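Listed below, chain by chain, are the residues.
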Amino acid sequence: MLRRGKGIELKSRGEIEAMRAAGLVVARALGEVAAHAKPGGTTGELDAIAEQVIRDAGAVPSFKGYHGFPASICASLNEKVVHGIPSRAEVLADGDLLSVDCGAILDGWHGDSAVTLAIGAVGPKDRALSAATEAAMWAGIEQVRAGNRLTDISHAVETAARSAAETDGVEYGIIAEYGGHGIGTQMHMEPFLPNLGKPGRGPRLRVGMAIAVEPMLTLGSAETEELDDEWTVVTADGSRAAHWEHTVAIAEDGPWVLTAPEA
């Protein structure tokens, strides 16, 4: 049975295992998308591939119809940060950077994950941006442990991003308006997880919580704008962005990445 601690959903071990099943569906969908994301293809075709994988597994796309969103994935190309709407008119080109966010519902439980894909031969700065964003995600995941505070995750994400920026000789923008979130019987639940901030703040993390950790970094300003479609978020200065995400549960022995592919 679900219990709630200060507004945050707590799950039993069996319920977390059910979330893992949903997470594996998402992992398979993203794996198929990655395999087909090539120059000359379209983001609309990738959307169809992801939806087919999800429905073949007996699951339902989380995103399709969510507050009116028209697709099964978010496909955010180059300067698009998040919530890009896929289209068969949007053709991928050599050197593009594509962030793909995907969610699935299986037996009432949600999985949510995102990857950034290099389309063809991508430049070194773009590859470094994606690598820095992924590293920041994993640094945050390492702090998804019982006894920590919520912003211990935020601080780890920020610290890793700034460390990568120093190593790479750039100043990555850390998106503040969008971040991670609780997840379980709904896709977006309490708590909101900022991608930067001081440690030791927010609710205490407990076994049975599940959180989506999802940093977004840019090659320029952290300022964003929403397009007229009322979904697509782009960088205000036109710089490229990257987005990585995993759904993570707090288990007795530490973080359990529910959307990781099967080994």
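Look above for the structure.
In what follows, the accompanying structure is described. Given the structure is predicted, the values throughout are model-derived calculations rather than measurements.

With that out of the way, let us pick up the sheet that holds strand β8 (residues 173-174). Strand order across the open sheet formed by 3 strands is β8-β12-β15, with antiparallel pairing between neighbours. Two strands close off the open sheet at either side, each with one partner strand: β8 and β15 (241-243). Pairing analysis gives 2 bridges linking β8 to strand β12 (residues 216-218), with the strands arranged antiparallel. By the bridge assignment for β12, Gly 173 is matched with Thr 218.

A separate point is the environment of Arg 127. Here Arg 127 shows up in helix α3 (residues 124-141). The spacing of Arg 127 and Leu 10 is 117 residues in sequence and 37 Å in space, taken between C-alpha atoms. The contact partners of Arg 127, leaving out residues within four places of it in the chain, are Ala 118, Gly 120 and Val 122. A polar contact of 3.3 Å, which involves the side chain of Arg 127, links it to the backbone oxygen of Val 122.

Our next topic: the nonpolar core. Residues Leu 98, Ile 153 and Val 213 are the most contacted members of the largest nonpolar core, which totals 55 residues. The greatest single-element share of this core, amounting to 7 residues, is contributed by helix α4 (residues 150-168). Ignoring anything within four residues of it in the chain, the contact list for Ile 153 reads Gly 140, Gln 143, Val 144, Leu 193, Leu 205, Ile 211 and Val 213. Met 19, Ala 210, Ala 249 and Leu 258 belong to the second-largest nonpolar core, a separate cluster that totals 7 residues.

Judged from the 4 bridges that link them, strand β16 (residues 246-251) and strand β17 (residues 254-257) form a sheet pairing that is antiparallel. Looking across to β17, one finds that Ile 250 is bridged to Pro 255. What sits between the antiparallel neighbours β16 and β17 is a turn of 2 residues.

The rules behind the values
Residues numbered from 1 in each chain as written. Predicted model: local features only at pLDDT ≥ 70, side-chain atom pairs only at ≥ 80, totals over all residues. Heavy atoms only, no water. Pairing = 2+ DSSP bridges. Helix = DSSP H or I, 4+ residues; strand = E, 2+ residues; numbered from the N terminus. Contact = heavy atoms within 4.5 Å. Polar contact = N/O pair within 3.5 Å; in protein donor to acceptor, adjacent residues only side chain to side chain. Core = buried A, V, L, I, M, F, W, Y, C linked by side-chain atoms within 4.5 Å. Buried < 20%, exposed > 50% of the residue type's maximum accessible area, 1.4 Å probe, protein only.

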